[in-house]
Amino acid sequence: MLDASEGYVTEDGRKIGGVVMEMKNITLRFGGVVAIKDISFDIREGEIRAIIGPNGAGKSSMLNVISGFYVPQEGEVWFRGAKRPQMRPYEVARQGIARTFQNIALFEGMSVLDNVMTGRLNYMKTNIFQQALWMGKAEREETENREMVEKVIDFLEIQHIRKTPVARLPYGLKKRVELARALAAEPKLLLLDEPMAGMNVEEKEDMSRFILDVNDEFGTTIALIEHDMGVVMDLSDRVVVMDYGKKIGDGTPDEVRNNQEVIDAYLGVSHD
Amino acid sequence: MAQTQSGAGGLQSLPALLHRNATQFGDAPAYREKEFGIWQSWTWAETAKEIEALALGLINLGVNEGDFVAIIGRNRPYLYWSMVAVQSVGAVPVPVYQDAVAEEMAYVLGHCGARFVIASDQEQVDKVIEVQDELHQLEHVLYLDPRGLRKYDHHTLHQYSHVQDQGRAARDEWITDLQDRQAKLTYESTCVMLYTSGTTGKPKGVVLSNRNVIESAKNSADFDHLTRGENILSYLPMAWVGDFIFSIGQAYWCGFCVNCPESQDTMMTDLREIGPTYFFAPPRVFETQLTNVMIRMEDAGALKRRMFHHFLGHAKKVGGDILDGNPVGFMDRLKYQLGNLLVYGPLKDTLGYSRIRVGYTAGEAIGPEIFDFYRSLGINLKQLYGQTEATVFITVQPDGEVRADTVGVPAPDVEIRIDDKGEIHYRSPGVFVEYYKNPESTASTKDAEGWVATGDAGFIEEGSGHLRIIDRAKDVGKMANGSMFAPKYVENKLKFYPDILEVVLFGNGKDRCAAFINIDLTAVGNWAERNNIAYASYQELAGHPKVLASIQSHVEEVNRSVAADEMLSGCQVHRFVVLHKELDADDGEITRTRKVRRGFVEDKYDDIITALYDGSDTISTTTEVTYEDGRKGSISATLNIVDAAVVPVAQHKVAAE
């Protein structure tokens, strides 16, 4: 039933594996509003997959379905070869899916380090009493997790703000901290909701580089939503285009760029 | 000259010193670097092993004796090891400024004909690859951080640790070759080649021998009684001679520990964590720290603020004398002790200066207030005067004879003389061998007896024997009426204001002086924030009427002080303009060590200079700028030219002499 083809090779020579996640005929309704209408697509191992579309196209809803935050009325979500039952978001996270948010959801009063440490939650086995009493096991666990977190901090070059409360950081850095927290969870699939929104050119370039490096270094599969077409076309291997809750295009950036329906959706078309 | 022909006890090269350190105190820490949030450390014995592995790997890769190996990156133990490893295989390390754009790098790599490059990361590797086509000799590139480099063609690209692994694997094959090559190193072998940034023309490759480096390190270490116990923080560019002497020369001679910060941005935190005992910084660092302290004190509570200012006032009165060992009354001493407990101690701890025994500043003149501030806190901050060609040291200030306006007495084994034109010449064991592939420049700088012209004008102060620098000899000129024009003198006075970053004074051959001024974005930005002044860009802030007014008041204050100096009263600033962009090394306006390239600036901003002298009120101009990645763009602006009041001076009688 599942498409088991071996994948493909990208232009820059990366090998993309089989299907990791498949969305089958997803329909999501909020009362009478149909946010997503019968959409199917897949995400393959090791690829950077983008979901784009104009405002209100249903992109964020789609990401929320993938992350388990929304439960679609119709359709199935398949993850790693099995149909995913209805799950709570933390259960999805345990499966190896991590995300960032469009409007930054960090703990503002906590330091960058502590925020990133929260990304390791699923790796902590000790209970609150063991931790409070700082028992040997809790201490070892903390050290192991801190090591991983420090690698992420080093990777994203945020050493200089390690101890800074998040509230004091500029926007671009907060976005990077959010990415750090998601990475700390060592996800198999990383979901990024508008990672470049509100950034200046330099911050966008930095973020693009980090996204590519994450994919390259850890082999993480990435699904991202983005407004900035230029960035999307440069970064992603394949693109899904949505408009008014429907899928209107799916393919490589070049294919999508030349798709008439997509051009119409972005540039507008006269309704006469 | 007191030169030992046999070298310092047979230790004639850095690999030899390394061997001594590793055998005599192998367990002592040699390097620390903060990585992954922890200070990682290596002992001398471990360092020797790492260097040996790399050296073997280099031989294995085909590095020959006499080859040049460029080293590009920020201060990291691995790159310091590279320098010594390169020397131990008989090749010559050439550290390159890491912020150099690709073209500059191409010149240096092409000029020395480097066959190998050791680079820190993808950014540097990309630059080398960008210019690779111009470089015929370049064969292999080594890199430290593999991030982002996985997909590159690895035929001539090698990871540092892999080269070390290959070296370890091939130890049996190459170890005798390595030992032979090391044994051949003498006091006359080349230790390192450093490119001077040069305020005029192309960079020149200064060849320094083992004698230069080791003698200079030995003399200066004796002068300041440096021991194995010192800790330094290495954060200044590795391509700069100062860093080479402090972090390699002196570190190997004394056997002290070199600490590398986690990243450029964490330098201040790392400084505090390490608490160096021996510290070197350009005036800029001290200025920034002082500005930060003052800004933060303004946000402190009333009690703290009053205490701070009260005890700082007391420190100003007696702190310097206490440090110099001059007699100070008992009550004053007691009060100073109290201040130390309440204010100075905690402040020094915050700055990371609690353990400093000796601190140096050089490169530029430091503001007397800033200098005295640190000294009054009990920090033994001193000045030295030097240059690459001298292996740093020409003059240094001995303990107890420290003043803001001189650069000290000749360093041990250094002879100084002033020629009839006022130019300073010196001769020392540190005098460089030659400029690489440039015999004309070598001949015009260094005479047959080994005397080197510094290009600086200065004089020896009578009584104290201290050297005072006036200016670059070629910058000192005459104004139309014959009075002396010494731009540095006025520029420094202006630069001591925290809101002024850079000044360029014009007036050579003219009837009056005019100036370009760069504001300091941190200080002025902070001031704007406090005064509710909104601005969108550097350009807008620089053109703000209130900013111009405050700069004008500084200029007029300086004019009054310049007028008091009989010799230089002609150098008062009549008109000035606050530039719409910062002078930048990427645009070639200043050198990588932040010295203004006057000729270049004069040509580039010709239209603004004309406007300064023809009486117009505004000038519209378009300026080309280079971005960090080498792309070019341009910015346009309309600049206001401001007139400053000058103090009338009686016509010079001296001018007729």
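Residues numbered from 1 in each chain as written. Chains lettered and ligands numbered in written order. Predicted model: local features only at pLDDT ≥ 70, side-chain atom pairs only at ≥ 80, totals over all residues.

### Details of the overall build of chain B
Point 1. Within chain B, the secondary structure is distributed over 21 helices and 28 strands.
Point 2. Long-range pairs, those at least 24 residues apart, make up 65% of the contacts in chain B between residues at least 6 apart in sequence. (Helix = DSSP H or I, 4+ residues; strand = E, 2+ residues; numbered from the N terminus. Contact = placed C-beta atoms within 7 Å.)

### Here's the deal with the nonpolar core
Nonpolar side chains tend toward joint burial in soluble globular proteins.
Point 1. Core analysis: the largest hydrophobic core is formed by 133 residues, its most contacted members being Val69, Ala70, Ile71, Val94, Val96, Ala114 and Val117 of chain B.
Point 2. Core analysis: the next-biggest nonpolar cluster, separate from the first, contains 64 residues, Ile36, Ala185, Val240 and Met242 of chain A among them. (Core = buried A, V, L, I, M, F, W, Y, C linked by C-beta atoms within 7 Å. Buried ≥ 20, exposed ≤ 12 C-beta atoms within 10 Å, placed from the backbone.)

### Concerning the interface of chain A and chain B
Point 1. With 13 residues of chain A at the interface, the matching set in chain B holds 11 residues.
Point 2. Contributing elements (two or more residues each) for the side of chain A that touches chain B: α5 (136-155) and α7 (201-218) of chain A.
Point 3. In terms of residues, the side of chain A that touches chain B owes the most to one element, α5 of chain A, which gives 4 residues.
Point 4. Residues belonging to the side of chain A that touches chain B are distributed by class as follows: no nonpolar, 3 polar and 10 charged. (Nonpolar A, V, L, I, M, F, W, Y, C, P; charged D, E, K, R; others polar.)

### Some thoughts on the domain arrangement of chain A
Residue and element names in this part refer to chain A.
Point 1. Assigned domains of chain A: these are domain 1 (1-96 + 187-272) and domain 2 (108-184).
Point 2. Between the C-alpha centres of domain 1 and domain 2 the distance comes to 27 Å.
Point 3. On the domain 2 side, the residues contacting the 11 residues of domain 1 number 8 residues.
Point 4. Among the elements of the structure, α2 (89-94) and α7 are those that each provide at least two residues to the side of domain 1 that touches domain 2.
Point 5. At 4 residues, the largest contribution of residues to the side of domain 1 that touches domain 2 is made by α7.
Point 6. Taken together, the residues of the side of domain 1 that touches domain 2 sort by class into 8 nonpolar, 1 polar and 2 charged. (Domains from an automatic or database assignment.)

### A closer look at the domain arrangement of chain B
You'll often see interface size given as the accessible area lost when the parts meet.
Residues and elements named next belong to chain B.
Point 1. Taken domain by domain, chain B consists of domain 1 (14-280) and domain 2 (477-656).
Point 2. In this structure, domain 1 and domain 2 have C-alpha centres spaced 39 Å apart.
Point 3. On the side of domain 2, 8 residues touch domain 1, which itself brings 10 residues to the contact.
Point 4. Here the residues of the side of domain 1 that touches domain 2 sort into 5 nonpolar, 4 polar and 1 charged.

### Some remarks on the environment of Val646 of chain B
Residue and element names in this part refer to chain B.
Point 1. Structurally, the position occupied by Val646 is in the segment after β28 (632-643).
Point 2. As for Val646 and Tyr436, which are separated by 210 residues in sequence, their C-alpha atoms are 48 Å apart.
Point 3. Sequence-distant contacts of Val646, that is, excluding residues within four places in its chain, are made with Asn559, Gln572 and His574.

### Quick notes on the confidence of the model for chain B
All names here are of chain B.
Point 1. With 97% of its residues at a pLDDT of 70 or more, chain B has an overall mean of 89.
Point 2. Low confidence marks residues 1-7, where pLDDT is under 50. Its contacts with residues over four positions away, or in another chain, come to 6 contacts.
Point 3. Counted against residues more than four places away or in other chains, residues 652-657, with its pLDDT under 50, gives 4 contacts. (pLDDT = per-residue confidence, 0-100.)

### A word on the sheet that holds strand β4 (residues 33-44) of chain A
Sheets are built from strands paired through backbone hydrogen bonds, the pairs being either parallel or antiparallel.
Residues and elements named next belong to chain A.
Point 1. Pairing is antiparallel across the open sheet formed by 4 strands, whose spatial order is β4-β3-β6-β7. Taken across any chain shown, the strands that pair with only one partner, and hence form the sheet edges, are β4 and β7 (82-83).
Point 2. Inspection of the sheet shows strand β3 (residues 19-30) paired to strand β6 (residues 74-79) by 5 bridges, in the antiparallel sense. When the bridges of β6 are listed, Met21 appears paired with Phe79. (Pairing = 2+ DSSP bridges.)

### Here's the deal with the pairing of strand β2 (residues 38-43) of chain B
All names here are of chain B.
Point 1. Where strand β1 (residues 29-35) lies against β2, 6 bridges are found, and the strand directions are antiparallel. Pairing of Tyr31 across the sheet is with Trp42, part of β2.
Point 2. The loop that links β1 with its antiparallel partner β2 comprises 2 residues; one of these, Phe36, has a positive phi angle of about 55°.

### A word on the environment of Ser41 of chain B
Residue and element names in this part refer to chain B.
Point 1. With respect to the helices and strands, the residue Ser41 is situated in strand β2.
Point 2. With 10 residues separating them in the primary sequence, Ser41 and Tyr31 have C-alpha atoms 5.6 Å apart.
Point 3. Discounting residues that sit within four places of it in the chain, Ser41 has contacts with Pro29, Tyr31 and Arg32.

### Some details on helix α3 (residues 77-88) of chain B
All names here are of chain B.
Point 1. A rise of 1.5 Å per residue sets the reference length of α3, with its 12 residues, at 16 Å; its end C-alpha atoms lie 16 Å apart and thus fit the reference within 8%.
Point 2. Among all positions of α3, only Pro77, Tyr78, Leu79, Tyr80, Trp81, Ser82, Met83, Val84, Ala85, Val86, Gln87 and Ser88 are buried.
Point 3. Note on α3: the residue one or two positions beyond its end, Gly90, has a positive phi of about 85°. (Expected span 1.5 Å × (residues − 1).)

### A few points about the sheet that holds strand β11 (residues 257-260) of chain B
All names here are of chain B.
Point 1. Taking strand neighbours across the sheet as the criterion, the 4 strands line up as β2-β1-β11-β10 in an open arrangement whose pairing is mixed. At either margin of the open sheet sits one strand with a lone partner, and together these are β2 and β10 (231-233). Geometrically, the sheet is characterised by an average inter-axis angle of 20° between neighbouring strands, direction not taken into account.
Point 2. Its contacts with the sheet place α3 against β1, β2 and β11, and it is angled at close to 140° to β1.
Point 3. Set on the sheet, helix α10 (residues 267-274) makes contact with β1, β10 and β11; between it and β10 the angle comes to about 175°. (Axes fitted to C-alpha atoms, helices over the stretch in contact; angles between N-to-C directions.)

### Looking at unusual backbone geometry
Residue and element names in this part refer to chain A.
Point 1. Within the chain, Glu157 stands out as a residue other than glycine whose phi angle is a positive 55°.
Point 2. The residue Glu157 is located in the loop between α5 and α6 (171-184) in this model.
Point 3. Residue Glu157 is classed as partly exposed on the basis of its 13 C-beta neighbours within 10 Å.
Point 4. Look at Tyr244: it is not a glycine, yet its phi comes out positive at around 50°.
Point 5. Within the fold, Tyr244 resides in the loop between β11 (238-243) and β12 (246-251).
Point 6. Residue classification places Tyr244 among the partly exposed residues on the basis of 14 C-beta atoms within 10 Å.

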